[in-house]
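# Structural overview
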Amino acid sequence: MKAIVQDRYGPADVLELRDIDPPAVGDDDVLVRVRAAGVDAGVVHLVTGLPYLLRLGFGLRAPRSRVRGMDVAGLVEAVGRNVTRFRPGDEVFGTCEGAFAEYARARQDRLAPKPAALTFEQAAAVPVSAQTALQGLRDAGAVQPGQKVLITGAGGGVGTFAVQLAKAFGAEVTGVCGPDKADLVRSIGADHVVDYTREDFTDRPHRYDLILDIAGNRRLSRLRRVLTPRGTLVIMGGEEGGRWFGGNDRQLRATLLSPFVRHRLRMLMSMQRERDLRTVAELIEAGQVTPVVGRTYPLDQAPDAVRHVGEGHARGKVVITV
Ligand SMILES: NC(=O)c1ccc[n+]([C@@H]2O[C@H](COP(=O)([O-])OP(=O)(O)OC[C@H]3O[C@@H](n4cnc5c(N)ncnc54)[C@H](OP(=O)(O)O)[C@@H]3O)[C@@H](O)[C@H]2O)c1
């Protein structure tokens, strides 16, 4: 099968289109004929091997798994003998190992039926980013109806889901994004938009019950300045930290500081969970959430897709079609 293979860490050019064997399918696995695969900031980290901290989990000198891509949408090609929920031919979406390929292996508890209203491209935009947004708002953020919620990176992969989910939870939403995404962020439901190139929201008099900090690398003290007295800050991402820790040092500092201040300061390490994938699918079926697909690229242009996301200004989610 054709796959995008990576033998070493580096810029997007380390990704090469090659012919390799399809993955072996274990008893609990599903072999998916990939139709579309999502590209997010996490993929870029695995390609570059930065920050270095992540290599502890994924391989010190080179990535242990050679095919990139987690988000997948496609058709079930074959199932292991313990798989009861899916049959060949089913349309599925979820997370897997190595989605930038014609076939990918997924655990059955990482997949769900593809919402019928979505194309494969739209479905591939969902799994990692939407679950991250859901867990940030609901679990770490404990969002409540009527709360004022501010979301940075509102026009990107995670942010476009976070805005829509926060509205679905009944919040009043302020999205922070660059100038070319203001219309998009408003169109997906944000009540207010702040263009970070014109105005620093941490200088404004407005206060928020919950801040999801998805992009940028603003200091904790600046973010806390615009929280209500018992507000919650969830540090979810940010690409401007150093090569060793990336934005993770802010996450750690927030967690250590939280017991000593009135604000709730949280970090998020998102998890792939079948029930969260199904929750998101239900919200999509109900018309409350619609994936925003920005650019799409064919499989052989996967390096360009990764390069584009790595530039840090993606619009919605970038998707590779197979
Ligand atoms: N904690 C977790 O478990 C978890 C899971 C998934 C992702 N993440 C992290 O979350 C972050 C976002 O991921 P993603 O996939 O959504 O990335 P993405 O698709 O690249 O989106 C990032 C967005 O942020 C905007 N942005 C850049 N600088 C900004 C700033 N200073 N203020 C406000 N917006 C800014 C970008 O466009 P404009 O500048 O044009 O607005 C872009 O739309 C990454 O750091 C990623 O590593 C964390």
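Residues numbered from 1 in each chain as written. Predicted model: local features only at pLDDT ≥ 70, side-chain atom pairs only at ≥ 80, totals over all residues. Heavy atoms only, no water.

An unreviewed UniProt entry lists the protein under the name NAD(P)-dependent alcohol dehydrogenase, with Streptosporangium fragile given as the organism.

The next thing to look at is the domain arrangement of the protein. Entries for the protein in the domain assignment read domain 1 (2-126 + 291-321) and domain 2 (129-267). With centres defined by C-alpha atoms, the gap from domain 1 to domain 2 works out at 27 Å. Contact residues are listed per partner, giving 16 residues for domain 1 and 21 residues for domain 2. Where domain 1 abuts domain 2, roughly 1,500 Å² becomes buried across the two surfaces, and 55% of that area is made up of carbon and sulfur atoms. Among the residues domain 1 hides against domain 2, the three largest losses belong to Y52, V292 and R315. Together they make up 34% of the total. The interface formed by domain 1 and domain 2 contains zero salt bridges. Where domain 1 packs against domain 2, one counts eight residue pairs in polar contact (both at pLDDT 80 or more). The residue makeup of the side of domain 1 that touches domain 2, split by class, is 10 nonpolar, three polar and three charged. (Domains from an automatic or database assignment. Contact = heavy atoms within 4.5 Å. Buried area = accessible area lost by both parts, 1.4 Å probe. Salt bridge = Lys/Arg side-chain N within 4 Å of Asp/Glu carboxyl O. Polar contact = N/O pair within 3.5 Å; in protein donor to acceptor, adjacent residues only side chain to side chain. Nonpolar A, V, L, I, M, F, W, Y, C, P; charged D, E, K, R; others polar.)

Below, the discussion takes up unusual backbone geometry. Omega for the bond connecting L50 with P51 falls within 30 degrees of zero, at -5°, which places this linkage in the cis form. Position of P51 relative to the elements: it lies in the loop between helix 1 (41-48) and helix 2 (55-58). We note that A142 has phi near 45°; this positive angle belongs to a residue other than glycine. For A142, the location among the structural elements is in the loop between helix 4 (127-140) and strand 8 (148-152). (Helix = DSSP H or I, 4+ residues; strand = E, 2+ residues; numbered from the N terminus.)

Here we come to the packing of helix 4 against helix 9 (residues 274-285). For the pair helix 4 and helix 9, the least separation of the axes is 10 Å and the interaxial angle reads 95°. Between helix 4 and helix 9, the angle falls in the class roughly perpendicular. Touching P127, A130, Q131, L134, Q135 and R138 of helix 4 are D276, L277, T279 and V280, all from helix 9. Taken together, the residues of the contact of helix 4 with helix 9 break down into five nonpolar, three polar and two charged. (Axes fitted to C-alpha atoms, helices over the stretch in contact; angles between N-to-C directions. Parallel < 35°, antiparallel > 145°, perpendicular 65-115°, else oblique.)

All right, on to the pairing of strand 14 (residues 293-298) then. As defined by bridge partners, strand 14 adjoins strand 15 (residues 317-321) across four bridges and the pair is classed as parallel. Looking at the pairing, T296 lines up with V319 of strand 15. For the handedness criterion, the β-α-β arrangement of strand 14, helix 10 (residues 302-310) and strand 15 is classed as right-handed. (Pairing = 2+ DSSP bridges. Right-handed = clockwise from strand over helix to strand, strands pointing away.)

Around the ligand lies a shell of 29 residues, among which K181, Y196, E239, H313 and A314 are the nearest. The separation between an oxygen atom of the ligand and a polar side-chain atom of H45 is 3.5 Å. Residue M236 places a main-chain N or O atom 3.0 Å away from a nitrogen atom belonging to the ligand. Protein contact buries 89% of the 910 Å² of open area that the ligand shows by itself. Looking at the shell around the ligand, the elements with two or more residues in it are helix 1, helix 5 (157-168) and strand 9 (172-177). Its residues assigned to classes, the shell around the ligand shows 11 nonpolar, 13 polar and five charged. Taken domain by domain, the shell around the ligand gets at least three of its residues from each of domain 1 (2-126 + 291-321) and domain 2 (129-267). (Near = heavy atom within 4 Å. Areas by Shrake-Rupley, 256 points an atom, 1.4 Å probe, with all protein chains shown as cover.)

What follows covers the pattern of salt bridges. Close approach of charged atoms lets side chains of opposite charge pair. For the coordinates displayed, the defined rule picks out 26 salt bridges. A salt bridge links D13 to R307, with the nearest nitrogen and oxygen atoms 2.8 Å apart. In this pair, D13 sits in the loop between strand 1 (2-6) and strand 2 (15-19) while R307 sits in helix 10, placing the two residues 294 residues apart along the sequence. Under the relative-accessibility criterion, D13 is labelled exposed at 51%. With its nearest N and O atoms 3.0 Å apart, the salt bridge here joins E16 to R18. Looking at E16, the relative accessible area reads 38%, which means it is partly exposed. Ionic contacts of the salt-bridge type, sharing partners, join the residues D7, E16, R18 and R66 into one network. (Buried < 20%, exposed > 50% of the residue type's maximum accessible area, 1.4 Å probe, protein only.)

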